Amino acid sequence: TWHLKKIPQIVRERTFSLDNPKFEANAKLELNSVCGIECQRKLPVPSLSDLKDLLSYETVFENGTRTLTEVNVLGVVLDPAGNTTKRRTSRKKRQIYGTDSRFSIYDKRFMTNFPFNTAVKISTGCSGILISPKHVLTAAHCLHNGKDYVKGSKRLRVGLMKTKSRGNGRKRKGTSDGMPTFQWTRVKSTHIPKGWFKGVSGDIALDYDYAVLELKRPHKRKYMELGISPTIKMMPGSMIHFSGFDNDRSGQLVYRFCSISEESNDLFYQYCDAEPGSTGSGIYLRLKEPNKKKWKRKIIAVYSGHQWVDINGEQQDYNVAVRITPLKYAQICFWIHGNDENCTQG
């Protein structure tokens, strides 16, 4: 079964206006000079005042204005172990990394039904996932490069998959079967944690590479629930799953699953095959609870992208995902509901 955890509280302290962003950064789907596994090990344990700073957040509105909200964090237990990286003994997935193990979802019955219909396309070139009737979770670097907002994020839109038929079964001119079209919705506001703007020693720390978009109009689809990321040992079914719109398979929804190789307190390192474009996808677990026939799914991480990482002086490549920790769960839940009353258990 899913284990319930008591969640720390994120409480809004004050909000004030900032200068309007320039929206001049170039969108990068793959990041360089990232704080990797060894760098993560050296990071100090954040204090309570650090956490309050890292979890404060910027909100950008569709008219281009921007605010900063400072928060307080209540009920958090600080981990004295720090950002240690735990390694899984099995490294079997490494050999499969060279063979493409992705599945393109062609069948419209799958594409437009749960769980695949929760995958969305972000107009800056990334993917995302529906987490409420009007909220989308994605990666922060799809919208902001750590210094400024990317060019396309001023008029940000989210594409939801839909079928092409007009009701009488006739195909529209110039379309082909099995290719999804998108219904585009404007984004009303975007939340990004301040931790994303605070790179570590010139490198970008991926720990806070997540953002939530609020849509202008609610969608009427089933969305995916948030969960708290378990450790590798406690992973139900030991497999993670995610779907996104990989650049090399234009117009296709691409699904994959794999196991996780290593973890730090905030990141998962895995070898799921993925190309740029799938960045920002919601990574979920499946669990069939006792006496229930249906799978239950929860989002436990956000796919951040492919990285080259220094390990013992050698460059190794990984695909990295940002874990939804109890604190991040509390923050994302607060962004969805606007209060912390609905966010006491996760």
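Up top is the structure these notes are about.
Below is a summary of the structure that appears in this document. Keep in mind that what you see is a predicted model, and the values were worked out from it rather than measured. Every chain is numbered on its own, with residues counted from 1 as its sequence reads. Given that this is a predicted model, residues contribute local features only at a pLDDT of at least 70 and side-chain atom pairs are listed and counted only at 80 or more, while totals for whole chains, interfaces and linings are drawn from all residues. Each side-chain value is derived from all of the structure's non-hydrogen atoms; neither hydrogens nor water enter the calculation.

### Some details on the overall build of the protein
Consideration 1: Across its full length, the protein holds 5 helices and 19 strands.
Consideration 2: Within the protein, the proportion of its 346 residues that are buried is 54%.
Consideration 3: Note on contacts: a residue pair is in contact if any heavy atoms of the two residues lie within 4.5 Å. Within the protein, contacts between residues separated by at least 24 positions form 74% of all contacts whose residues are at least 6 apart in sequence.
Consideration 4: Values of accessible area rely on a 1.4 Å probe in the Shrake-Rupley scheme; residue burial ignores everything except the protein chains shown. Counting every atom, the protein has about 16,500 Å² of accessible surface; 49% of that belongs to carbon and sulfur. Secondary structure elements follow DSSP: runs of H or I of four or more residues count as helices, runs of E of two or more count as strands, with numbering from the N terminus. Exposure is judged per residue with a 1.4 Å probe applied to protein chains only, and the accessible area is read against the type maximum: over 50% gives exposed, under 20% gives buried, and values in between give partly exposed.

### Topic: the environment of Glu341
Consideration 1: With respect to the helices, strands and loops of the structure, Glu341 is situated in the segment after α5 (326-337).
Consideration 2: Given a relative accessible area of 64%, Glu341 falls into the exposed group.
Consideration 3: Here the alpha-carbon distance between Glu341 and Gln9, two residues 332 residues apart in the chain, equals 8.9 Å.

### Looking at the nonpolar core
Consideration 1: Only buried residues count toward a nonpolar core. Its members are Ala, Val, Leu, Ile, Met, Phe, Trp, Tyr and Cys residues joined through side-chain atoms within 4.5 Å. Ile131, Leu137, Val158, Tyr210, Leu226 and Ile332 are the most contacted members of the largest nonpolar core, which totals 71 residues.
Consideration 2: Among the elements that line this core, the one with the most residues is α5, at 8 residues.
Consideration 3: When sequence neighbours within four positions are dropped, the list of residues in contact with Ile332 reads Ile131, Leu137, Tyr210, Val212 and Leu226.
Consideration 4: Counting 15 residues, the second largest nonpolar core, distinct from the first, contains Ile232, Met235, Cys258 and Ile283.

### Structural notes on the environment of Met111
Consideration 1: Relative to the helices and strands, Met111 is located in helix α4 (residues 108-111).
Consideration 2: As a C-alpha pair, Met111 and Lys162 span 51 residues in sequence and 8.3 Å in three-dimensional space.

### Some details on the state of the cysteines
Consideration 1: Working definition: a disulfide is two cysteine sulfur atoms within 2.5 Å of each other. According to the stated counting rule, one finds 2 disulfides in the structure shown.
Consideration 2: Each sulfur of the disulfide joining Cys333 and Cys343 lies 2.0 Å from the other. Disulfide Cys333-Cys343: torsion about the S-S bond near -85°, hence left-handed. One end of the pair, Cys333, is in helix α5; the other, Cys343, is in the segment after α5, and 10 residues separate them in sequence. Of the two residues, Cys333 and Cys343, neither departs from the other in class, the shared state being buried.

### Digging into the pairing of strand β11 (residues 211-215)
Consideration 1: Within β11, 5 of the 5 residues are buried, which leaves the element mostly enclosed by the surrounding structure.
Consideration 2: The alternating pattern of β11 places Ala211, Leu213 and Leu215 on one face and Val212 and Glu214 on the opposite face, and all of these are buried.
Consideration 3: Here strand β8 (residues 135-138) pairs with β11 via 4 bridges, running antiparallel. Following the sheet pairing, His135 is matched in β11 by Glu214.
Consideration 4: Here, any two strands with at least 2 DSSP bridges between them count as paired. Taken together, the 4 bridges between strand β10 (residues 181-193) and β11 define a ladder with antiparallel strand orientation. Each bridged residue has a counterpart across the sheet, and for Thr190 the counterpart in β11 is Leu213.

By themselves these figures say nothing about function.
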